[in-house]
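So the chains spell out like this:
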Amino acid sequence: MAENTPLLKGRSTSSESKINDSKLYLAVFSAILGNFSFGYSLVYSSPVLPQLQSPDVDPRLRMGKEQAAWFGSIYTLGAAAGGLGAMLLNDLIGRKLSIMTSAVPSTIGYLLMGGASDFWMLLLGRFLTGVAGGMTAGSIPVYISEISHKRVRGAMGSCPQITAVTGALALYALGLVLRWRWLAAVGGVPALLMVVLLVFMPSSPRRLIKLGREQQAEKALRWLRGEHYDTQVEINDIQHSINTQAKVTWSQLATPVYYRPILISVGMRFLQQMTGITPILIYMEPIFAKSKVSLPARYDAAIVGAFRLFAVAVAASLMDRAGRKALLYTSSLLMFLSSLTLTIISHTTLCPPGPAPLNLTTSLDYISHDAIGSALDASQQTSAGLIPLISTMVFILGYAMGWGPITWLLMSEVLPLVTRGVASGLCVAVSWLTAFALTQAFVHLVEDHSLFVPYLCFTVVCVFCLLFTAVCVPETRGRSLEEIENYFRTGGTFTITRSPSTE
């Protein structure tokens, strides 16, 4: 095909205009219920830790610094194990069944935590919910990208992030009124609902074609696109993509078409975690308790959770308009500015009040000046107490606009089809192993050096995020999966351009 040959000819453009996305939305909704459960379970420790550290809790469940660090971080270790499981299951049993299987460790984990009578039950339950979270994180973005057409893939690719944030907000809101055992009981419901709905959803058409089941793939595409959609064009494109790829050998992994997208995906998942988003979410209430905020810490956490949902919704509306790289630049800059502010205020200490004046004229004047000074001091403390909250909200906004959803989306877009199942599991495993090390160290860093040291590290990482975006990340907005693969195969240029009428 010539370089200036339109990718989509007249018949495919006409067919795209007849697409009915209603059933696609239903399939996506069924899958992303797993992300709701993931977001809920990730931040479960935020309202639960203060309850389990209180003096009136059962001594067998009471947590000190070391126990709290493990309870917060073992989730990410489980997510790494789940990512490795997804690496195997994605290609062994398929994307849809991998997502459904995640409900097993999720349900068992919540049952253990809800009925815990000893600390080990809390740890094991948290680990198992982490396994489920890692499995969904490694399978759902791939499933969504393979059932979506490119016109809506950006918006659909942001849905896992939106529902994960919704799950976290639900946990923060329920944490205001429910005790930790009831929070665990509620957490098991979304995964069970996900399994029920996914039974009626189609498998990935790309996987079906790869297995030689073209009739089933055609049936799945017609269900996803509508009765009037010409499925043959899309089937031919997918079949051509599969036919041009043989089984990958270790020597072939050294070629740019494979190692470049894998390194980009792994690098983005590593940097995403190094920004500090996971420990901030997991320890949000304890962090606010140490930051001298104006409101009670649990209300600050709920406010940030609600704002995070708003930020992700805004990011989803911009995903296919502003472009991936523009949003990543904006995301890195906002996170840098907010983490720098948090670094400065965590290092700044209030000066102690000075001695009273020696020559006061009357006691009335003294009382008057003292009252005014107290009022001004209270006002300054109230204003200063809003800075950590506002800075955290800006950090969450920045993360939600780019490094949150786009990292997931790009992973599912740039990875070659032949390596997508294994490589996506590898990305998730690297991401959560990084999160485990960072979350485990966070509690000790805060206890030994205050919040200043971790915030300073997060600020430096945001600079690396800017550089990585500029040097390594390609723009994938408006490109088909086949065009993106061709980008890496040809050394960095999209060789198939589209005509103005097609655009």
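Residues numbered from 1 in each chain as written. Predicted model: local features only at pLDDT ≥ 70, side-chain atom pairs only at ≥ 80, totals over all residues. Heavy atoms only, no water.

A count of helical and extended segments in the chain gives 23 helices and zero strands. The burial tally for the chain puts 54% of its 503 residues in the buried class. Pairs at least 24 residues apart make up 84% of the contacts formed inside the chain by residues separated by at least 6 positions. Working note: accessible area of the chain is about 21,400 Å², and carbon and sulfur atoms make up 67% of it. (Helix = DSSP H or I, 4+ residues; strand = E, 2+ residues; numbered from the N terminus. Buried < 20%, exposed > 50% of the residue type's maximum accessible area, 1.4 Å probe, protein only. Contact = heavy atoms within 4.5 Å. Areas by Shrake-Rupley, 256 points an atom, 1.4 Å probe, with all protein chains shown as cover.)

Applying the stated rule across the entire model yields nine aromatic pairs. Relative to Trp432, the ring of Phe38 lies with its centre 5.7 Å away and its plane at 80 degrees, an arrangement referred to as edge-to-face. Residue Phe38 is found in helix H2 (residues 22-42), and its partner Trp432 is found in helix H21 (residues 417-449); the two are separated by 394 residues along the sequence. Accessibility assignment for this pair places Phe38 and Trp432 in one class, buried. These aromatic residues form a ring-pair network of at least three members: Tyr283, Phe442, Tyr455 and Phe458. Lying over the aromatic face of Phe71, Arg126 brings its terminal NZ or CZ to 5.4 Å of the ring centre. (Phe/Tyr/Trp six-rings, centres within 6.5 Å; stacked < 30°, edge-to-face > 60°. Lys NZ or Arg CZ within 6 Å of the ring centre and 35° of its normal.)

With that settled, consider the nonpolar core. Most often, soluble globular proteins have nonpolar side chains that are buried together. Ranked by size, the top nonpolar core spans 87 residues in total, and within it Tyr44, Leu122, Tyr172, Trp403 and Trp432 carry the most contacts. Contacts of Tyr172, omitting those with residues within four sequence positions, involve Val43, Ser46, Leu281, Met284, Ala301, Ala302 and Gly305. By size, the runner-up hydrophobic cluster in this structure holds 21 residues, among which are Ala103, Ile140, Tyr143 and Ile144. (Core = buried A, V, L, I, M, F, W, Y, C linked by side-chain atoms within 4.5 Å.)

A contiguous nonpolar surface patch, about 420 Å² in accessible area, is contributed by Leu176, Val177, Leu295, Tyr299 and Ile303. Looking at the secondary structure, you find Tyr299 in helix H17 (residues 297-318). (Patch = residues over 30% accessible without salt bridge, like charges linked within 9 Å, V, L, I, M, F, W, Y side chains within 5 Å. Salt bridge = Lys/Arg side-chain N within 4 Å of Asp/Glu carboxyl O.)

Right, let's get into empty space enclosed by the protein. Within this structure, the stated rule accounts for three cavities of 30 Å³ or more. Taken together, 14 residues line the largest cavity, and the ones lying closest to its centre are Phe38, Leu42, Tyr399, Trp408 and Trp432. Contributing elements (two or more residues each) for the lining of the largest cavity: H2, helix H8 (153-174), helix H14 (256-274) and helix H15 (277-282). For the lining of the largest cavity, a count of residues per class yields eight nonpolar, four polar and two charged. (1 Å grid on protein atoms, 1.4 Å probe; cavity = no way out; pocket = protein on both sides within 12 Å on 5 of 7 lines; lining within 4 Å. Points joined across faces, edges and corners; volume = space filled by probe spheres on them. Nonpolar A, V, L, I, M, F, W, Y, C, P; charged D, E, K, R; others polar.)

Once that is clear, we can look at H2. Relative to the 30 Å expected for 21 residues at 1.5 Å per residue, H2 spans 30 Å between its end C-alpha atoms, a close match to the ideal helical length. Where H2 bends most, at Ala31, the angle is about 30 degrees. Counting buried positions along H2 gives 15 out of 21 residues, so the element sits mostly inside the fold. (Expected span 1.5 Å × (residues − 1). Bend = angle between axes of the 7 residues up to and from the residue.)

This part takes up the side chain of Ser102. Mapped onto the secondary structure, Ser102 falls in the loop between helix H5 (95-101) and helix H6 (103-114). Setting aside residues up to four positions removed in sequence, Ser102 forms contacts with Ala132, Met135, Thr136 and Met194.

Within this structure, the stated rule accounts for five salt bridges. A salt bridge links Arg225 to Glu234, with the shortest nitrogen-to-oxygen separation between them at 2.8 Å. Each of the two residues, Arg225 as well as Glu234, counts as buried. Among the salt bridges present, the one from Lys290 reaches Glu447, with a minimum N-O distance of 3.8 Å. Residue Lys290 is located in helix H16 (residues 284-290), and its partner Glu447 is located in helix H21; the two are separated by 157 residues in the primary sequence. Since its relative accessible area comes to 42%, Glu447 is described here as partly exposed.

Turning to the environment of Thr392, a few remarks are in order. When you line up the elements, Thr392 lands in helix H19 (residues 363-401). What makes Thr392 buried here is its relative accessible area of 7%. Measuring from C-alpha to C-alpha, the distance between Thr392 and Asp300 comes to 9.9 Å, with 92 residues separating the pair along the chain. When neighbours within four sequence positions are excluded, Thr392 is seen to be in contact with Phe288, Val304 and Leu342.

Before going further, it helps to examine the environment of Ile303. Position of Ile303 relative to the elements: it lies in helix H17. For Ile303, a relative accessible area of 33% puts it in the partly exposed group. Separated by 86 residues in sequence, Ile303 and Leu389 place their C-alpha atoms 8.8 Å apart. For Ile303, the contacting residues outside a window of four places in its chain are Leu295, Leu389 and Met393.

In this section: helix H9 (residues 180-187). Those residues of H9 that fall on the buried side of the exposure criterion are Trp180, Leu183, Ala184 and Gly187. One side of H9 carries all its buried residues, which in axial view fall inside an arc of 100 degrees. (Arc of directions from axis to C-beta.)

This brings us to the confidence of the model for the chain. In the predicted model, the chain carries a mean pLDDT of 79, and 82% of its residues have values of at least 70. Taken element by element, the chain is modelled with least confidence in helix H1 (residues 10-16), mean pLDDT 48, and with most confidence in H6, mean pLDDT 93. In the model, residues 1-13 has pLDDT below 50 throughout and makes 22 contacts with residues more than four positions away in sequence or in other chains. Counted against residues more than four places away or in other chains, residues 496-503, with its pLDDT under 50, gives 21 contacts. (pLDDT = per-residue confidence, 0-100.)

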